[in-house]
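Each chain is listed here by its residues.
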Amino acid sequence: MTFSLDNILRDNIKRLTPYSSARSEFKGDAKIFLDANENSFGSPLDVNYNRYPDPLQLILKEKIAEIKKVKSQNIFLGNGSDEAIDLLFRSFCSVDDNVIICPPTYGMYEVLANINDVKIIEVLLKEDFELNVDAVLAAVNQNTKLIFICSPNNPTGNLIDKNSVKKILENFNGIVVLDEAYIDFAGDASFICELKNYPNLVILQTFSKAWGLAGLRLGMAFADEKIIAIFNKVKMPYNISEVTQSLLIKALEQKTKVDDFIKITIFEREKLIAEISKLKFVEKIYPSKANFILVRVTNANALYDYLVKQGIIVRNRNNVILCEGCLRITIGTEAENQELLEALKKYN
Ligand SMILES: *Cc1c(COP(=O)(O)O)cnc(C)c1O
């Protein structure tokens, strides 16, 4: 199998001349900037944000490159991972094309496929929530552009077997999108170290989970620099705000705090699993490598409503295929988990 970016790129994107912003035409230091129609006097705030931000976020990418052990040219930054997913559709999928998703999984792949008017082929995960590799490869046709794999998977929490992912990468001529939103909780399982072996691999990560920065909206995509160059061509010119760029540069200096978040989350997760497994109405707790657990109970809707009345909101996955009877519970602080447990103990 040979992968060729030229074969899967949409024709209009191949032909596209990207917008050339003031800040991309002149880079560097100068005395006076009168090129971008900014307000030269300042902002109505204590801090000035009157200047457009770096369109390619080069300083921030250098810092991320160090932490993630990739080259800066292999990084794309988006307004959440969702921006990278949207760019994948807009760059590679025309109306007659399709993508493969493996339910139960993250809902945004389907929503963005629908928004972009791209067909979806569903290949269910197996009973143990592993990939059905043969069925995925059998479902591929000449219009299949993207295959989405989420690992650790949301809402099931399991890591997908590494060899299954490799088999799909090696036998598919389109792009494999590996969503690693929860990878920080899963030890050293990331595929980032495999990037150089797979020109058709796009890895998604985010600052919304382990890093505790969901409110800033920053997602990352890691891929071959040719793919990153396409994202840079298609994206909105100033997609990451100055506030986000400067706060992220500060946050990256505090990685040890994030390591502590991860440790305590895993500790609390295992404690919660041990306690919840003692409850009579709990039928199964699925093994988790993420900051949430999927729990099958005797009556998910009733338990969900009861918890809402106690002021505790979990995610009801009862209507999701293969997750019937399940609630997805995010790991909270020690005190929050304690309150949850007390509420659960009172339920029968
Ligand atoms: C939470 C989550 C994301 C993160 O999305 P952002 O837009 O970066 O906040 C991505 N993928 C999965 C599977 C998720 O659960």
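Please refer to the structure higher up on the page.
Residues numbered from 1 in each chain as written. Predicted model: local features only at pLDDT ≥ 70, side-chain atom pairs only at ≥ 80, totals over all residues. Heavy atoms only, no water.

Draft legend 1. Structural view of the overall build of the protein chain. Summing up its helical and strand segments, the protein chain has 13 helices and 11 strands in all. For the protein chain, the C-alpha radius of gyration of 22 Å lies close to 20 Å, the compact-globule estimate for 348 residues. With respect to the principal axes defined by its C-alpha atoms, the protein chain has extents near 70 × 55 × 35 Å. Taking all 348 residues of the protein chain together, the buried fraction comes to 50%. (Helix = DSSP H or I, 4+ residues; strand = E, 2+ residues; numbered from the N terminus. Rg over C-alpha atoms; globule rule 2.2 N^0.38 Å. Buried < 20%, exposed > 50% of the residue type's maximum accessible area, 1.4 Å probe, protein only.)

Draft legend 2. Representation of the pairing of strand S6 (residues 201–206) in the model. Most of S6 is tucked away, with 6 of its 6 residues classed as buried. Where burial is concerned, the two faces of S6 agree: the one with Leu201, Ile203 and Gln205 and the one with Val202, Leu204 and Thr206 are both buried. Across 4 bridges, strand S5 (residues 175–179) lies against S6 in parallel orientation. Following the sheet pairing, Leu178 is matched in S6 by Ile203. Pairing analysis gives 5 bridges linking S6 to strand S7 (residues 219–223), with the strands arranged antiparallel. Looking at the pairing, Leu204 lines up with Ala221 of S7. (Pairing = 2+ DSSP bridges.)

Draft legend 3. Highlighting the nonpolar core. In this structure, Ile64, Ile149, Phe207 and Phe222 are the most contacted members of the largest nonpolar core, which totals 51 residues. Apart from the residues within four sequence positions on either side, Phe222 is in contact with Ile64, Lys68, Val70, Asn74, Ile75, Ile192, Leu195, Leu201, Val202, Ile203, Gln205 and Ile228. Among the nonpolar cores identified, the runner-up in size contains 32 residues, and Leu9, Ala84, Phe148 and Val234 belong to it. (Core = buried A, V, L, I, M, F, W, Y, C linked by side-chain atoms within 4.5 Å. Contact = heavy atoms within 4.5 Å.)

Draft legend 4. Representation of the pattern of salt bridges in the model. Taken as a whole, this structure holds 17 salt bridges when the rule is applied. Notably, a salt bridge pairs Asp184 with Lys68, separated by 3.8 Å at the nearest N-O pair. One end of the pair, Asp184, is in the loop between S5 and S6; the other, Lys68, is in helix H4 (residues 58–68), with 116 residues separating them in the sequence. Measuring nitrogen to oxygen at the nearest pair gives 3.1 Å for the salt bridge that ties Glu268 to Lys271. Residue Glu268 and its partner Lys271 are located together in helix H11 (residues 255–276), separated by 3 residues, close to a single helical turn. Looking at Lys271, the relative accessible area reads 31%, which means it is partly exposed. Residues participating in the shared-partner salt-bridge network are Arg23, Asp35, Glu38 and Arg51. (Salt bridge = Lys/Arg side-chain N within 4 Å of Asp/Glu carboxyl O.)

Draft legend 5. Spotlight on the sheet that holds strand S4 (residues 144–150). With mixed pairing, the 7 strands of this open sheet are ordered in space as S1-S7-S6-S5-S4-S2-S3. In the strand order of this sheet, the two ends are held by strand S1 (75–78) and strand S3 (119–122), each with one partner. Within this sheet the neighbouring strands show an average axis-to-axis angle of 25°, counted without direction. Across 4 bridges, the pairing between S1 and S7 is antiparallel. Paired with Ile75 across the strands is Phe222, a residue of S7. Across the face of the sheet, H4 comes into contact with S1, S6 and S7 while running at roughly 120° to S1. (Axes fitted to C-alpha atoms, helices over the stretch in contact; angles between N-to-C directions.)

Draft legend 6. Just the site of the ligand, in detail. Around the ligand, the structure places 13 residues, and the nearest of them are Asp179, Thr206, Ser208, Lys209 and Arg217. Measuring from an oxygen atom of the ligand, one finds a side-chain N or O atom of Asp82 at 3.4 Å. Take Thr206: an N or O atom from its side chain is 2.7 Å from an oxygen atom of the ligand. Split into classes, the residues belonging to the shell around the ligand amount to 4 nonpolar, 5 polar and 4 charged. (Near = heavy atom within 4 Å. Polar contact = N/O pair within 3.5 Å; in protein donor to acceptor, adjacent residues only side chain to side chain. Nonpolar A, V, L, I, M, F, W, Y, C, P; charged D, E, K, R; others polar.)

Draft legend 7. Focus on the pairing of S4. With respect to burial, S4 is a largely interior element, 7 of its 7 residues being buried. In this sheet, S4 lies alongside strand S2 (residues 98–101) in parallel orientation, the contact comprising 3 bridges. Across the sheet, residue Val99 finds its bridge partner in S4, namely Leu146. Sheet topology places S4 next to S5; 5 bridges connect them, and they run parallel. Considered in S5, the bridge of Phe148 is made with Val177. Once you follow S4 into helix H8 (residues 162–170) and on to S5, the crossover reads as right-handed. (Right-handed = clockwise from strand over helix to strand, strands pointing away.)

Draft legend 8. Geometry of the sheet that holds strand S11 (residues 326–330). With antiparallel pairing, the 4 strands of this open sheet are ordered in space as S8-S9-S11-S10. The two strands at the open ends of the sheet, each matched to only one other strand, are strand S8 (282–285) and strand S10 (315–316). In the sheet, strand S9 (residues 292–297) pairs with S11 via 5 bridges, with the strands oriented antiparallel. Following the sheet pairing, Val295 is matched in S11 by Leu327. Along the sheet, H11 makes contact with S8, S9 and S11, crossing S9 at roughly 10°. Against the sheet, helix H12 (residues 300–309) touches S9, S10 and S11, its axis set at about 35° to S11.

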